[in-house]
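# Analysis of the macromolecular model
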Amino acid sequence: MSNFDDKLDEAKSKGKETLGKVTGDKNKEAEGKAEGIAKKAKHKVEDAKDAAKGAAQGLKNDDDDDGQ
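Here is what the cut-offs are and how they apply
- Every chain begins its residue count from 1, and numbering advances along the sequence as written.
- The model is predicted, so local features are restricted to residues of pLDDT at least 70 and side-chain atom pairs to those at 80 or more, both for listing and for counting; the totals for chains, interfaces and linings are taken over all residues.
- The basis for every side-chain value is the complete set of non-hydrogen atoms in the structure, without hydrogens or water.
- Helical segments are the DSSP runs of H or I of at least four residues, strand segments are the runs of E of at least two, and each set is numbered from the N terminus.
- Any residue under 20% of the maximum accessible area for its type is buried, any over 50% is exposed, and the rest in between are partly exposed; the area is computed with a 1.4 Å probe on protein chains only.
- Surface exposure here means Shrake-Rupley accessible area, sampled with a 1.4 Å probe, where a residue is shielded only by the protein chains that are shown.
- In what follows, salt bridge is the name for a side-chain nitrogen of Lys or Arg lying within 4 Å of a carboxyl oxygen of Asp or Glu.

### Some remarks on the overall build of the protein chain
Helix and strand counts for the protein chain stand at two helices and zero strands. The proportion of buried residues among the 68 residues of the protein chain is 12%. For the protein chain, the accessible area works out to roughly 5,500 Å², and carbon and sulfur atoms hold 55% of it.

Okay, here's the thing in structure tokens:
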């Protein structure tokens with residue numbers, strides 16, 4: 001997912017939360033807040049996965065260098 005899509009999703013969930021606050025719709029507010037939390041958690045998992053891939057690649061490169 002692109003950075004633009006991430007920002008768009010973030011804006012949508014924040015907008016939904018704000019709309020719920022303004023209109024007094026607690027369900028809409030909670031829905032927006034939950035979507036925002038879910039998106040943040042998803043990004044943290046993706047970041048951790050990318051970091052693990054980078055660490056694995058670094059270890060592989062170290063092993064390749066040792067054989068020379």
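### Topic: the pattern of salt bridges
Inspection of the entire model under this criterion finds seven salt bridges. A salt bridge links Lys 16 to Glu 35, with the nearest nitrogen and oxygen atoms 2.9 Å apart. With Lys 16 in helix α1 (residues 3-23) and Glu 35 in helix α2 (residues 26-66), this pair connects stretches of sequence that are 19 residues apart. Of the residues examined, Lys 16 reaches a relative accessible area of 21% and is grouped as partly exposed.

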